[in-house]
Amino acid sequence: MNGASEAAGTYIAAGVDLDTNSGRTICRGRCLPYHSRIAGSHCAGSGSPHGDSVTLPAPLRPDFQVRSHHGSTGMDTSAALLAPPEPSRETWWNRTAGGREILYVSLPLVISSLSWTVMTFVDRVFLKWESGIAMAAAFSASTLWFSLLCLPLGICMYCATFVSQYSGSHQPKQIGPSVWQGVWISLILSPLLLLAIPLAPAVFAMAGHEPAVQALEVQYFQILCWGIPAMLIAQALSSFYSGRGRTRIVMCVDTFVALLNVFLDYAWIFGKFGFPEAGIAGAGWATVTSLWVKALIYFLLLVQKKHRIEFHSLDVRIHRDLLKRILSYGAPSGFQFVLDVLGFTCFIMLVGRLGGVEAEATSMAFSISTLAFMPIWGFAQAASILVGQHLGENRDDLSARAAWTTLHVALVYMTGISLSYLLVPQLFLAPFFAGVETQGGDGEVWQMSINLLRFVAAYNMFDAAMMIFVSAIKGAGDTPFVLKVSLVMASGMAIATYVAVEVIHVGIYGCWALLTAWVWSLGIIYLIRFLGGKWRSMRVIEQTPAEKEVAEALAGTAS
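What you see is a predicted model; the values in this text were computed from it and never measured.

Let's talk about the overall build of the protein chain
Reasoning step 1: Across its full length, the protein chain holds 19 helices and five strands.
Reasoning step 2: Within the protein chain, the fraction of its 559 residues that count as buried is 56%.
Reasoning step 3: Considering only intrachain contacts with a sequence separation of at least 6, the fraction spanning at least 24 residues in the protein chain is 79%.
Reasoning step 4: Carbon and sulfur atoms make up 64% of the accessible area of the protein chain, which totals about 23,100 Å².

So, the environment of Phe 256
Reasoning step 1: Among the structural elements, Phe 256 can be located in helix 9 (residues 247-270).
Reasoning step 2: It is 8.7 Å that separates the C-alpha atoms of Phe 256 and Lys 294, two residues lying 38 residues apart in sequence.
Reasoning step 3: Excluding residues within four positions of it along the chain, Phe 256 makes contact with Val 293 and Ile 297.

Some remarks on helix 18 (residues 507-532)
Reasoning step 1: When the terminal C-alpha atoms of helix 18 are compared, their 38 Å separation across 26 residues agrees well with the 38 Å that a helix rising 1.5 Å per residue should span.
Reasoning step 2: Within the sequence span of helix 18, burial applies to Ile 508, Cys 511, Trp 512, Leu 515, Thr 516, Trp 518, Val 519, Leu 522, Gly 523, Tyr 526, Arg 529 and Phe 530.
Reasoning step 3: Just past helix 18, the residue Gly 533 takes up positive phi, approximately 80°.

Comments concerning the packing of helix 4 (residues 150-168) against helix 12 (residues 320-351)
Reasoning step 1: Between helix 4 and helix 12, the shortest axis-to-axis distance is 7 Å and the interhelical angle comes to 130°. For the element pair helix 4 / helix 12, the angle class is oblique. As helix 4 packs across helix 12, the resulting crossing turns out to be right-handed.

What about the packing of helix 9 against helix 10 (residues 280-302)?
Reasoning step 1: Close contact between helix 9 and helix 10 brings their axes to 8 Å; oriented N to C, the two are set at 155°. With respect to helix 10, the element helix 9 is oriented roughly antiparallel. The two elements helix 9 and helix 10 cross, and the hand of that crossing is right-handed. Side by side, helix 9 and helix 10 meet where Ile 249, Val 250, Val 253, Asp 254, Phe 256, Val 257, Leu 260, Asn 261, Leu 264, Asp 265, Trp 268 and Ile 269 of the first sit next to Gly 282, Ala 283, Trp 285, Ala 286, Thr 287, Thr 289, Ser 290, Val 293, Lys 294, Ile 297, Tyr 298 and Leu 301 of the second.
Reasoning step 2: Looking at side-chain class alone, the contact of helix 9 with helix 10 contains 16 nonpolar, five polar and three charged residues.

As for the packing of aromatic side chains
Reasoning step 1: If you walk through the whole model with that rule in mind, you get 30 aromatic pairs.
Reasoning step 2: Residues Phe 126 and Phe 270 carry aromatic rings whose centres are separated by 5.8 Å and whose planes lie at 80° to one another, so their mutual orientation is edge-to-face. Taken together, the residues Phe 126 in helix 2 (residues 99-130) and Phe 270 in helix 9 connect sequence positions 144 residues apart. Comparing Phe 126 with Phe 270 shows no difference in burial state: the two are buried.
Reasoning step 3: Taking 6.2 Å as the distance between ring centres and 80° as the angle between the ring planes, the aromatic pair formed by Phe 347 and Phe 366 counts as edge-to-face. One end of the pair, Phe 347, is in helix 12; the other, Phe 366, is in helix 13 (residues 356-392), and 19 residues separate them in sequence.
Reasoning step 4: The buried category is assigned to Phe 347, whose relative accessible area is 0%.
Reasoning step 5: Given a relative accessible area of 4%, Phe 366 falls into the buried group.
Reasoning step 6: One aromatic cluster is present, built from ring pairs that chain together Phe 126, Trp 129, Phe 263, Tyr 266, Phe 270 and Phe 273.
Reasoning step 7: Taking the ring centre of Phe 240 as reference, the NZ or CZ of Arg 244 above it sits at 4.3 Å.
Reasoning step 8: A cation over a ring is seen here: Arg 244 above Phe 311, with NZ or CZ 4.5 Å from the ring centre.

Structural notes on the pattern of salt bridges
Reasoning step 1: Counted by the stated rule, this structure contains seven salt bridges.
Reasoning step 2: Salt-bridge contacts for Arg 353 lead to Glu 502; the nearest nitrogen and oxygen are separated by 3.0 Å. Taken together, the residues span a long stretch of sequence, with Arg 353 in the loop between helix 12 and helix 13 and Glu 502 in helix 17 (residues 479-503) at a distance of 149 residues.
Reasoning step 3: Ionic pairing is found between Asp 396 and Arg 536, a salt bridge with its closest N-O pair at 2.7 Å.

Considering the side chain of Asn 460
Reasoning step 1: In this structure, Asn 460 sits in helix 16 (residues 440-476).
Reasoning step 2: A relative accessible area of 2% places Asn 460 in the buried class.

Quick look at the nonpolar core
Reasoning step 1: Of all hydrophobic cores here, the largest spans 148 residues; its most connected members are Trp 145, Phe 221, Phe 347, Ile 368, Tyr 421, Trp 512 and Tyr 526.
Reasoning step 2: No other element matches helix 16, which puts 20 residues into this core.
Reasoning step 3: Excluding anything up to four places from it in sequence, Tyr 421 contacts Ile 368, Ser 369, Leu 371, Ala 372, Phe 428, Leu 453, Val 456, Ala 457 and Asn 460.

Things to note about the confidence of the model for the protein chain
Reasoning step 1: A residue-level look at the protein chain finds 80% of positions with pLDDT of 70 or above and a mean pLDDT of 80.
Reasoning step 2: No element of the protein chain has a lower mean pLDDT than strand 1 (residues 11-12), which averages 35, and none a higher one than helix 18, which averages 95.
Reasoning step 3: Within the model, pLDDT remains below 50 along residues 1-85, and this stretch shows 160 contacts once partners closer than five positions in the same chain are excluded.

Notes on the environment of Ala 200
Reasoning step 1: Mapping Ala 200 onto the fold places it in helix 6 (residues 196-207).
Reasoning step 2: With 18 residues separating them along the chain, Ala 200 and Val 218 place their C-alpha atoms 5.8 Å apart.
Reasoning step 3: With sequence-adjacent residues up to four places away left out, Ala 200 is seen in contact with Val 218, Phe 221 and Gln 222.

Comments concerning the environment of Gly 154
Reasoning step 1: Structurally, Gly 154 is set in helix 4.
Reasoning step 2: Taking the C-alpha atoms as reference, Gly 154 lies 9.3 Å from Gln 235; in sequence the two are 81 residues apart.
Reasoning step 3: The residues contacting Gly 154, other than those within four sequence positions of it, are Gly 330, Ser 333, Gly 334 and Phe 337.

With respect to unusual backbone geometry
Reasoning step 1: Even without being glycine, Ala 97 reaches a positive phi, approximately 65°.
Reasoning step 2: Positionally, Ala 97 belongs in the loop between strand 5 (66-67) and helix 2.
Reasoning step 3: By relative accessible area, which is 0% here, Ala 97 ends up buried.
Reasoning step 4: The phi angle at Asn 394 is positive, at roughly 60°, despite the residue not being glycine.
Reasoning step 5: Note on placement: Asn 394 falls in the loop between helix 13 and helix 14 (396-423).

Procedures and definitions
- Residues numbered from 1 in each chain as written.
- Predicted model: local features only at pLDDT ≥ 70, side-chain atom pairs only at ≥ 80, totals over all residues.
- Heavy atoms only, no water.
- Helix = DSSP H or I, 4+ residues; strand = E, 2+ residues; numbered from the N terminus.
- Buried < 20%, exposed > 50% of the residue type's maximum accessible area, 1.4 Å probe, protein only.
- Contact = heavy atoms within 4.5 Å.
- Areas by Shrake-Rupley, 256 points an atom, 1.4 Å probe, with all protein chains shown as cover.
- Expected span 1.5 Å × (residues − 1).
- Axes fitted to C-alpha atoms, helices over the stretch in contact; angles between N-to-C directions.
- Parallel < 35°, antiparallel > 145°, perpendicular 65-115°, else oblique.
- Left-handed = near helix turned anticlockwise from the far one by under 90°.
- Nonpolar A, V, L, I, M, F, W, Y, C, P; charged D, E, K, R; others polar.
- Phe/Tyr/Trp six-rings, centres within 6.5 Å; stacked < 30°, edge-to-face > 60°.
- Lys NZ or Arg CZ within 6 Å of the ring centre and 35° of its normal.
- Salt bridge = Lys/Arg side-chain N within 4 Å of Asp/Glu carboxyl O.
- Core = buried A, V, L, I, M, F, W, Y, C linked by side-chain atoms within 4.5 Å.
- pLDDT = per-residue confidence, 0-100.

Right, dumping it as structure tokens:
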């Protein structure tokens, strides 16, 4: 390759004809963007589907070369577009992987996450009206329940990464089967998880909580377990929409289910509208019912005729190679999920030993902190989806941009919510104490909760960075690293909390200082990993023939 063509760049495509009169390429195959460090080489097709025409960048040099899919060198042409290129008008907002694209994908997921947050928040407010003990028991029991299903849930969630990369690489027929492998994983693992029901009394006895609290914890946990299959199936089926960036559907379904749950909570806890007055048990059955409704809705959406034709959404067979790859990448992601939540659960259980006021204030502070956490979870999901889609297009530069843009938006939100925790904490605590005088024990809980929200504000920014960056590298397939970090950090968190509570007796604020340092450390670790860039070359899907051909052509050019 001579110097002139190096300056212009060599354009390599799988099956391309050049129309020298119009300066356009007609794609006879499927051209994929492939950015190479070899003399600025890339594919001219930019992800065009079969038969599409795309404009070549201008101006073209007189010795511009086109390599066909046979590997031959095309004719030299002087039919270049002589007009200078228009100046770029890209801004942070309108560029690819910019603010507009991020918000288009992430806002529905944020609203979806908020709907879940509102559901759990209202659930605990209702239970606080019932009794402070019921609220604390529901919090610890639901945390343990969630940690139980984290492994299969993490695997099912990872189906969205496969869907996003298949969508980005224009392989729609692989999307439906990818979703159904997640459903099969749900059906296989759910019976094993239901074995936790008879083990619940022994598990909660180990926590050492007060007998009245233990009885409510066991009851609530055992009821929630009947919703495990629905939770997993719904997560796998929802990846069909979230992985393709159709997040508005996810928002609508999740919002409807959250509103249904709020209604059932009120009716079933307090005995309204013909429902029995079941207290904490009613809250549990309301959640289980809502989860099964959610799974049914996603199933009915998936099997629509248009999806059966385009995405093979009724291909319910077990595809061994695909299932193996989902497990290979998804299992480390799931184990990471388990370890993080277990470390968090150990913290809650151990802090509960400090006393009833400490347990109630901690559960209240964490319940309020979900207003910060869950929306960022929505942004993190969007980051994972967009990273996967752009990597499917072989555009790691856009993947990195998507992650950074998502972080910018997330930090703006976190700044606002953290300042609110510092300046007006009463705004968030008031619903828990509606109609209750903040004196005596409740007064202690009120003041301690205000102090704990200051710790939440202190780690919120690092928490946002951690969630965005870990989701970004998981969207590429860097799950083994994430698993290793979680193994070390979660184990360290559990051990350090035990020492703090049982050995050196640092009290509630010492434990929360430990939690803050833990979150800071995780944020820094994942920032360094992201900046290292190893994730850029990772993929979870197989290469298409066109992609292999492009890679071989580039290798030939380099030699």
